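Report on the structure
Residues per chain, in single letters:
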Amino acid sequence: MQTHIRPYHEDDLADLLELSILAWEPIFASFHQVLGVELDALLHPDWKASQREVVKTTVAESEGVQTFVAEVDGEAVGFIAYQCDEESKRGEIVLLAVHPEHQNENIGTELNELALSRMKAAGMEIAIVETGGDASHAPARRSYEKAGFTLFPIARYFKAL
């Protein structure tokens, strides 16, 4: 199975929206379990709609964001979106998603390596990415660690009022 990575095209949007829901479904299920019903309902009243909007805005409408799509047999199976800040010399991976049926096939790692090499070529001195610390984010953390990122533990707390 050969992975082909190419730049995003506007006709990819529908596939990326569908892929993102499949990829992030376990994550939002974990949020529900970790946060409980009340907090999860307050934070994610319609996670699918909000996630579609985040992906659409990021890959199709955000200025300065570069997006690449991973394909297997002509089908989109993953994507990465990143941006570079020339002033701070920092690149940031904004979104990374890999279809659940294609996780653990090094697609996330290949997407990370491409984004990192392009950041470096653009003069960035540091790359940043954020992800969750729960079990559902383990594949993402593995991918970032394989790409050489160093974990900086951050705690984030929520309380319904």
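See above for the structure.
Right, let's walk through the structure included here.

How each quantity is defined
Residues numbered from 1 in each chain as written. Predicted model: local features only at pLDDT ≥ 70, side-chain atom pairs only at ≥ 80, totals over all residues. Heavy atoms only, no water. Pairing = 2+ DSSP bridges. Helix = DSSP H or I, 4+ residues; strand = E, 2+ residues; numbered from the N terminus. Axes fitted to C-alpha atoms, helices over the stretch in contact; angles between N-to-C directions. Contact = heavy atoms within 4.5 Å. Patch = residues over 30% accessible without salt bridge, like charges linked within 9 Å, V, L, I, M, F, W, Y side chains within 5 Å. Areas by Shrake-Rupley, 256 points an atom, 1.4 Å probe, with all protein chains shown as cover. Salt bridge = Lys/Arg side-chain N within 4 Å of Asp/Glu carboxyl O. Lys, Arg positive; Asp, Glu negative; His and termini not counted. Charge placed at Lys NZ, Arg CZ, Asp CG, Glu CD. Buried < 20%, exposed > 50% of the residue type's maximum accessible area, 1.4 Å probe, protein only.

Re the sheet that holds strand β2 (residues 65–72)
- Strand order in the open sheet formed by five strands is β1-β2-β3-β4-β5, and the pairing between neighbours is mixed. The open sheet terminates on both sides in strands that have one partner only, identified here as β1 (3–7) and β5 (126–129). Averaged over all pairs of adjacent strands, the angle between strand axes in this sheet comes to 25°, irrespective of strand direction.
- Here eight bridges tie β2 to strand β3 (residues 75–85), and the two strands are oriented antiparallel to one another. Residue pairing across strands places Gln-66 opposite Tyr-82, the latter belonging to β3.
- In this fold helix α1 (residues 13–43) packs onto β2, β3 and β4 (90–98), with an angle of close to 95° to the strand it touches most, β3.

Overview of a negative patch on the surface
- A grouping of Glu-10, Asp-11, Asp-15, Glu-18, Asp-73, Glu-75 and Glu-101 is seen on the molecular surface, where their side chains present a negatively charged patch.
- Here Asp-11 shows up in the loop between β1 and α1.
- Judged by its relative accessible area of 62%, Asp-11 is exposed.

Quick look at the pattern of salt bridges
- Evaluation of the coordinates by the stated rule reveals three salt bridges.
- Put simply, Arg-6 and Glu-71 hold a salt bridge, and the shortest N to O gap is 3.0 Å. In this pair, Arg-6 sits in strand β1 while Glu-71 sits in strand β2, placing the two residues 65 residues apart along the sequence.
- A salt bridge links Glu-61 to Lys-56, with the nearest nitrogen and oxygen atoms 3.3 Å apart.
- Lys-56 sits in the partly exposed class, given a relative accessible area of 32%.
- By sharing partners, the salt bridges in this structure join Arg-6, Asp-12 and Glu-71 into a single network.

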